[in-house]
Amino acid sequence: MNKDLTQGKPEQVLWSFCLPLFGSIIFQQLYNIADSLIAGKFVGENALAAVGNSYEITLIFIAFAFGCNIGCSVIVSRYFGAKEYHHVKTAVHTTLIGGGILCALLMLAGFTGCSFLLKLIRTPAEIMGDSWLYLMIYIAGLPFLFFYNIATGIFSALGDSKTPFYFLACSSTANIAMDYVFVKYLQMGVAGVAWATFICQGISCILAMVVVFRHLKALKSEKKSEIFSGHIFKQICIVAVPSILQQSFISIGNIIIQSLINGFGPAVIAGYAAAIKLNNLVITSFTTLGNGISNYTAQNMGAGKHERIHSGFKAGLKMVWILCVPIVLVYLLFGKGLVFLFMDSAEGPAIETGVQILRILAPFYFVVSVKLVADGVLRGASLMTQFMTATFTDLILRVVLAALLSRFMGVIGIWSAWPIGWLIGTAVSLFFYRYSVKKHPFSRVSLSRNRLGRQ
């Protein structure tokens, strides 16, 4: 069901729209968590380390899929807010064509270059084989990843956050069951968790695309839509490319950090693999809420209702802080039990590493959540230079500090780099929100309907 985010009280609109998005990303993260959990529990610590090691490389591919998602979502949101439905359809078709070509190029690069990447990050010999196998199967499923992400971006742009939630709830539950069967009973090892993800994500992708075209068919417009528009493609790229660069550089940064961690051996790698999945569950969830705020911002910009954007920012802050409270308490109080879910033993250096990471990072979720809300407004307003600056400040600091502090503090130095980067990155994001958005209410970034693509 399509929903107009330009009507109603901002706080109620955002809660209604973003909570299903939050639920969706929780289920989506269960894909990756289930892979690591089943591998660690039923295959062993090295299998958990292999999946975790490969995960950092898969984030590069996810970065490109995410860029297609947010680029399409922001532009479609504006056209939908402006009620230019023929441009909505053109933007969707244009994204599907561009995303398909990009996906094919990445698959070629992945199949030919993943062995090099695994060696580059100093993958230990005992987990090299399983890491390579997991990546090969993952890369084969990239079309499903790309087109599913584009579909969810379209749903969000049209104000429909419930449909992707239903898809992910079903597919993630099925994925966990298939992981268990493939690994526990069919003894497929790391390949089993990879094939389970491949199958479930494939089914979700196909069904989501069917529903997308039904949504588009329901949008009636007097003008005929185009199959591809260079002008709209450029508008999508203006948002998508910085988002891809942002996520790609984050992934590259994580790969550098993974290479540092790999020097401490498989036990620390396994502990990090468990904790980082739990951490990413939170960060990705708040990033998705930020994406929802981008959609809200973009729709209201398209409708010319700029005053609602500031109210939406305040409502977004309230929302993420309410969600932070139980998450932080659970991670601090029950961190050991959560990390143990990924392990076959309740004691040892792997468990200790995972608990240590959660205790250092969890209190600072209150900080990074503010940054992600502010970033959502910046991106929805097409303030991509400011958005990229805030992102790279955080990333560069984390990577540089992890490299430096690890020399003096060991692995604790690596974990400590996250909160420092988050604190400074949040300050930069808030500065840009205050002076580029709040004090200049879209006088420089407001897009007239002509710039939106009316030709």
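Source: prediction; values computed, not measured.

**Overview of the packing of aromatic side chains**
So, point 1. A complete count under the given rule lists twelve aromatic pairs for this structure.
So, point 2. Ring plane angle 20° and centroid distance 3.9 Å describe the contact between Phe313 and Tyr433, whose orientation is recorded as stacked. One end of the pair, Phe313, is in helix H10 (residues 307–340); the other, Tyr433, is in helix H14 (residues 411–438), and 120 residues separate them in sequence. Here the two residues Phe313 and Tyr433 agree in accessibility, since each one is buried.
So, point 3. Taken together through their ring pairs, the aromatic side chains of Phe144, Trp195 and Phe198 make up a single cluster.

**Focus on the side chain of Ser259**
So, point 1. Tracing the backbone through its elements, the reader meets Ser259 in helix H8 (residues 230–262).
So, point 2. Owing to a relative accessible area of 13%, Ser259 belongs among the buried residues under this scheme.
So, point 3. Here the side chain of Ser259 touches Ile256 through a polar contact of 2.5 Å, landing on its backbone oxygen.
So, point 4. Contact partners of Ser259, with chain neighbours within four places excluded, come to Ile121 and Arg122.

**Here's the deal with the packing of helix H4 (residues 125–140) against helix H7 (residues 189–218)**
So, point 1. At a minimum axis distance of 9 Å, the contact between H4 and H7 shows a crossing angle of 15°. In terms of their interaxial angle, H4 and H7 are classed as roughly parallel. Crossing hand, H4 versus H7: right-handed. Where H4 approaches H7, its residues Asp130, Leu133, Tyr134, Ile137 and Ala140 are matched on the opposing element by Val190, Ala191, Val193, Ala194, Trp195 and Phe198.

**Points about helix H12 (residues 365–380)**
Since the α-helix advances by 3.6 residues per turn, residues separated by three or four positions end up pointing in the same direction.
So, point 1. Under the 1.5 Å per step criterion, the end-to-end length of H12 is 22 Å for 16 residues, consistent within 8% with the ideal 22 Å.
So, point 2. Directly beyond the C-terminal end of H12, a positive phi value near 65° is found at Ser382.

**Here's the deal with unusual backbone geometry**
So, point 1. At Gln187, a position not held by glycine, the phi torsion is positive, near 55°.
So, point 2. By the element assignment, Gln187 lies in the loop between helix H6 (162–185) and H7.

**Here's the deal with the packing of helix H2 (residues 45–81) against H8**
So, point 1. Relative to each other, H2 and H8 sit at 160°, their axes nearing to 8 Å. Judged by the inter-axis angle, H2 sits roughly antiparallel to H8. Our pair here, H2 against H8, has a crossing hand that is right-handed.
So, point 2. By residue class, the composition of the contact of H2 with H8 is 17 nonpolar, 13 polar and one charged.

**Side note on the pattern of salt bridges**
So, point 1. With the rule as written, the count across this model stands at three salt bridges.
So, point 2. Between Glu11 and Lys318 there is a salt bridge, with its nearest N and O atoms 3.0 Å apart. Of the two residues, Glu11 is situated in helix H1 (residues 10–42) and Lys318 in helix H10; the sequence distance between them amounts to 307 residues.
So, point 3. Among the salt bridges present, the one from Arg398 reaches Asp394, with a minimum N-O distance of 3.0 Å. Here Asp394 and Arg398 lie together in helix H13 (residues 384–409), a separation of four residues that amounts to about one turn.
So, point 4. Taking the relative accessible area as the measure of exposure, Arg398 reaches 6% and is therefore buried.

**Description of the environment of Val181**
So, point 1. Mapping Val181 onto the fold places it in helix H6.
So, point 2. You can call Val181 partly exposed: its relative accessible area is 36%.
So, point 3. Taking the C-alpha atoms as reference points, Val181 and Phe286, separated by 105 residues in sequence, lie 32 Å from one another.

Thresholds, definitions, all that
Residues numbered from 1 in each chain as written. Predicted model: local features only at pLDDT ≥ 70, side-chain atom pairs only at ≥ 80, totals over all residues. Heavy atoms only, no water. Phe/Tyr/Trp six-rings, centres within 6.5 Å; stacked < 30°, edge-to-face > 60°. Helix = DSSP H or I, 4+ residues; strand = E, 2+ residues; numbered from the N terminus. Buried < 20%, exposed > 50% of the residue type's maximum accessible area, 1.4 Å probe, protein only. Polar contact = N/O pair within 3.5 Å; in protein donor to acceptor, adjacent residues only side chain to side chain. Contact = heavy atoms within 4.5 Å. Axes fitted to C-alpha atoms, helices over the stretch in contact; angles between N-to-C directions. Parallel < 35°, antiparallel > 145°, perpendicular 65-115°, else oblique. Left-handed = near helix turned anticlockwise from the far one by under 90°. Expected span 1.5 Å × (residues − 1). Nonpolar A, V, L, I, M, F, W, Y, C, P; charged D, E, K, R; others polar. Salt bridge = Lys/Arg side-chain N within 4 Å of Asp/Glu carboxyl O.

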